[in-house]
Amino acid sequence: VREDYALVVQDIRGTLFSSRETELFYADGWRPDLHDGRDTADWITAQPWSNGKIGTTGESGLGMPAYLIGPSTPKVNAQFIIKSPPNFYEHALFHGGVLREDLVIRWLSVMGRADMIEKYRNQQLYGAFWKPYETLSQVANTPAAGFFVSAWYDVFQQGILDAFTTREYAPDSASRGKNYLVMLPDTHDPCLTKDYRFQKKDGPKIGDLRRRFFSYELRGDPHALDGLPKVQYFVLGAD
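Residues numbered from 1 in each chain as written. Predicted model: local features only at pLDDT ≥ 70, side-chain atom pairs only at ≥ 80, totals over all residues. Heavy atoms only, no water.

**Q** I would appreciate a short explanation of unusual backbone geometry in the present structure.
**A** Leaving glycine aside, a negative phi is the common case for residues, and trans is the common case for peptide bonds. Of note in this structure, Phe25 is not a glycine but carries a positive phi near 70°. Tracing the sequence through the fold places Phe25 in the segment before helix H1 (36-45). When its relative accessible area of 4% is taken as the criterion, Phe25 is described as buried. Unlike most non-glycine residues, Lys83 shows phi in positive territory, near 50°. (Helix = DSSP H or I, 4+ residues; strand = E, 2+ residues; numbered from the N terminus. Buried < 20%, exposed > 50% of the residue type's maximum accessible area, 1.4 Å probe, protein only.)

Here it is in structure tokens:
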């Protein structure tokens, strides 16, 4: 806001004070009956303060609506997504077809949606139930440039890598050649061990990268990304 962007925050249907008629993220994508992300984008571009360009940002669970809105509308120009899974089934809930018990149960309980635990347990095989949460197969319908950030010990590490490589290199990707990747040395949350601290030294500053990315994609600053590598990653090994 201090940098003169309009900021819109939308609660996810099924959380907080909205009804529980849908599971989390059900209404955020390209379903024919419910498409909250597209509706929000339409509302934004109709406002007098809008220049017609939209950037989305989100970390962890809040990155899921960012993935899902991408294929639902061409009005999103840029997406800065941090430590979030593009395939809800494979990267978040079921690892190799096995429910990630600790992660899933804790997360749904914290979100106030413990009612979904048994429903997800009963959908262990990938099929029609999960297809609307899988965004990698939708890259042909996702024109927004993407900036993806994760970490080597993040629970969604593989998801971010798959999101970047698919959108950057897939022959049918509508954002081919417009994506960036940063891999940090840390975990999903702050590292809690008392035995070791990563010596990050002079790593990339995520806030600065987001400002540069949005300045280039949303404000048309042709030099905002000058000198920025397409991929930056922490090299593992002894400090």
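Following the structure, the description resumes.
**Q** Would you mind going over the pattern of salt bridges with me for this structure?
**A** Pairs may arise between side chains of opposite charge once their charged atoms sit close together. What the rule picks out here adds up to 10 salt bridges. Between Asp115 and Arg113 there is a salt bridge; the shortest N-O distance is 3.0 Å. Taking the relative accessible area as the measure of exposure, Asp115 reaches 48% and is therefore partly exposed. Residue classification places Arg113 among the buried residues on the basis of a relative accessible area of 1%. Here Lys230 ties to Glu168 by a salt bridge, and the two come within 3.2 Å at their closest N and O atoms. Highlighted residues: Lys230 in the loop between helix H7 (206-219) and strand S7 (231-233) and Glu168 in helix H6 (residues 157-169), separated in sequence by 62 residues. Among the residues examined, Lys230 registers a relative accessible area of 28% and is labelled partly exposed. (Salt bridge = Lys/Arg side-chain N within 4 Å of Asp/Glu carboxyl O.)

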